[in-house]
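Residues per chain are reported as follows:
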Amino acid sequence: SSDTESDTSTKSVVPTYAFAFDIDGVLIKGGQVIPEAKKAMRILNGENEDGIKVPYIFLTNGGGRTEEERCKILSAQLGIPVSPGQFICGHTPMREMAASYGTVLVVGGEGEKCRTVAEGYGFRDVITPGDIMRWKSNVTPFRKLTEDEFLNSRERDFSQVDIEAIFVFADSRHWGDDSQIIMDLLMSVNGRMGTLSTTFEEGPPIYFSHNDVVWATDFDLNRLGMGALRIMIEALYKARTGKTLNTATSFGKPQMGTFRYATKVLEQWRRDVFGENGPPQTVYFVGDTPESDIRGTNEFDKQVDEEWCSILVKTGVWQPGSEPAYKPKVTVDTVLDAIKWGMDRSR
Ligand code: G3P
Ligand code: MG
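As the structure is a computational prediction, the values presented were derived from the model and not from experiment.

### Quick notes on helix α7 (residues 226-241)
What sets the pattern is the α-helix's 3.6 residues per turn: residues three or four places apart point alike. Across its 16 residues, α7 extends 22 Å between first and last C-alpha, which sits within 8% of the 22 Å expected from 1.5 Å per residue. Residues of α7 that are buried include every one of M226, G227, A228, L229, R230, I233, Y237 and T241, and no others. In this structure, the buried residues of α7 make contact with β8 (165-168), α6 (175-186), β9 (206-208), β11 (223-224) and β12 (249-250). With its phi angle positive at about 75°, G242 sits one or two positions after the end of α7.

### Thoughts on the site of ligand 1
In the vicinity of ligand 1, the contacting residues are D22, I23, D24, T60, N61, G62, D171, H210, D212, W215, K253 and D288. Here T60 contributes a side-chain N or O atom positioned 2.5 Å from an oxygen atom of ligand 1. A distance of 3.2 Å separates an oxygen atom of ligand 1 from a polar side-chain atom of D212. When the free accessible area of ligand 1 is taken as 300 Å², the share hidden by the protein chains comes to 96%. Residues belonging to the shell around ligand 1 are distributed by class as follows: two nonpolar, four polar and six charged.

### Remarks on the confidence of the model for the chain
Across the chain, pLDDT averages 95, with 97% of residues at or above 70. The low-confidence segment residues 1-5, where pLDDT is below 50, has seven contacts with residues more than four positions distant or belonging to other chains. If you check the scores for this complex, the pTM reads 0.93 and the ipTM reads 0.97.

### With respect to helix α2 (residues 67-78)
Compared with an ideal rise of 1.5 Å per residue, which puts twelve residues at 16 Å, α2 spans 16 Å between its outermost C-alpha atoms and is within 8% of the ideal. Every buried residue of α2 is listed here: E67, R70, C71, L74, S75, Q77 and L78. End-on view of α2: buried residues confined to an arc of 165°, all on one side of the axis. Away from its buried face, by an angle of more than 90 degrees, α2 presents the exposed residues K72 and A76. Packed against the buried residues of α2 are β2 (28-29), β3 (32-33), α1 (35-44), β4 (56-59) and β5 (87-88). Following α2 by one or two positions, G79 adopts a phi angle in the positive range, close to 75°.

### Details of the packing of α6 against α7
Orientation of α6 relative to α7, taken along the N-to-C sense of each, is 50°, at an axis distance of 11 Å. Between α6 and α7, the interaxial angle falls into the category oblique. As α6 packs across α7, the resulting crossing turns out to be right-handed. Residues W175, S179, I182, M183 and L186 of α6 pack against A228, L229, M232, I233, L236, Y237 and R240 of α7.

The rules behind the values
The numbering scheme is per chain: residues are counted from 1 as the chain's sequence reads. As a convention, the first chain written is A and the first ligand written is 1, with the rest following in written order. Per-residue local features of the predicted model are confined to residues with pLDDT of at least 70, and side-chain atom pairs are confined, for both listing and counting, to 80 or more; whole-chain, interface and lining totals are unaffected and use all residues. Values reported for side chains reflect all heavy atoms of the structure, with hydrogen atoms and water molecules removed beforehand. Helix and strand assignments follow DSSP, with helices taken as H or I runs no shorter than four residues and strands as E runs no shorter than two, numbered in order from the N terminus. Helix span is expected to be 1.5 Å times the residue number reduced by one. The rule is simple: take the accessible area with a 1.4 Å probe, protein chains only, and divide by the maximum for that residue type; under 20% is buried, over 50% is exposed, in between is partly exposed. Throughout, a residue-residue contact means that at least one pair of heavy atoms, one from each residue, lies within 4.5 Å. If even one non-hydrogen atom of a residue comes within 4 Å of a molecule or strand, that residue is called near it. Pairing of N or O atoms within 3.5 Å defines a polar contact, subject to two protein rules: one partner must be a possible hydrogen donor and the other a possible acceptor, and residues neighboring in sequence count only if both atoms are side-chain atoms. To measure how exposed things are, a 1.4 Å probe is used in the Shrake-Rupley method; for residues, cover is taken only from the protein chains shown. Polarity classes work like this: nonpolar for Ala, Val, Leu, Ile, Met, Phe, Trp, Tyr, Cys and Pro, charged for Asp, Glu, Lys and Arg, and polar for all others, with Gly in that last group. Note: pLDDT gives the predictor's confidence per residue, expressed from 0 to 100. Picture the helix axis, draw a direction to every C-beta atom, and the arc is the one those directions span. Axis lines are fitted to C-alpha atoms, over the contacting stretch for helices. Their N-to-C directions set the angle, which ranges from 0 to 180 degrees. By the definition adopted for this analysis, an angle is roughly parallel if under 35 degrees, roughly antiparallel if over 145, roughly perpendicular if from 65 to 115, and oblique otherwise. The hand of a helix crossing depends on one turn: near helix anticlockwise from the far one by less than a right angle means left-handed, and clockwise means right-handed.

In structure tokens, the structure reads:
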């Protein structure tokens, strides 16, 4: 495709393998690039003794911006062009649900960015918690919208609106207020604010873009992630209704749907940029979180003809000293060691 800037003109042979990279804890930590990541990318882009270029994609559970915006940031951080054609984030597969619902609540991310993302996916009527707080400021007794938030929100009479589904696109920046609004809807009649169901079987479904309980930043210890919010919502729902919340569905790794989606993206990328049809024989997946990266890769490997080979690095969520909950094919120090190991193995 024309927006793919990788130059493959010097390639001799297209390798039978490819790489897929997790981002947080593998390439980036706390917004800073992990130094070995830049070298690793240069090697895959042809700075290796055979002079071959190796296809690769990025598969992160993170999100909160459009794929285009995320790729621009990642390109600057890694010092290589990254195209949306090789990039999947937690909410990317949610685009396939845009036609299934009319009015939806989109939660998470900075400001109103996730509304833009959802509208870009084709969701027809996207509401944010800010819109609801603008409608009645006493929905959230302990926080008022700032002037900016007020200006970016949309005016609407929510006593007349049925919200058909809740999508948590990215990490919540205001857990208390977002949880309040999510709970209001889950306990409502048909997703209408201000109503209270007597059966608690009439609320909208809730979808999370991933289920990572923790993730790695540049702080010493792992930080709470979206999976932690999900645990909290499930506990609150149980406490308030006595029932189990059974409509919570998550996307992202380790879900097989996400890996299937990744396969499509990788095949398309190899076709468009490398002129190769079909899947590679081996996909090396480099991740830092056993519960999502390693688990998903290992399970997907059992389902498909090609090999999906899991590589665990020590720069993120998992730290040496404990047994990883899901065993990788190999454990290495950094992403640089990971690509060297894979390239040597497939030589
Ligand atoms: O919020 C992002 C985090 O939970 C995981 O991102 O790149 O490690 O899949 P990543
Ligand atoms: Mg990670």
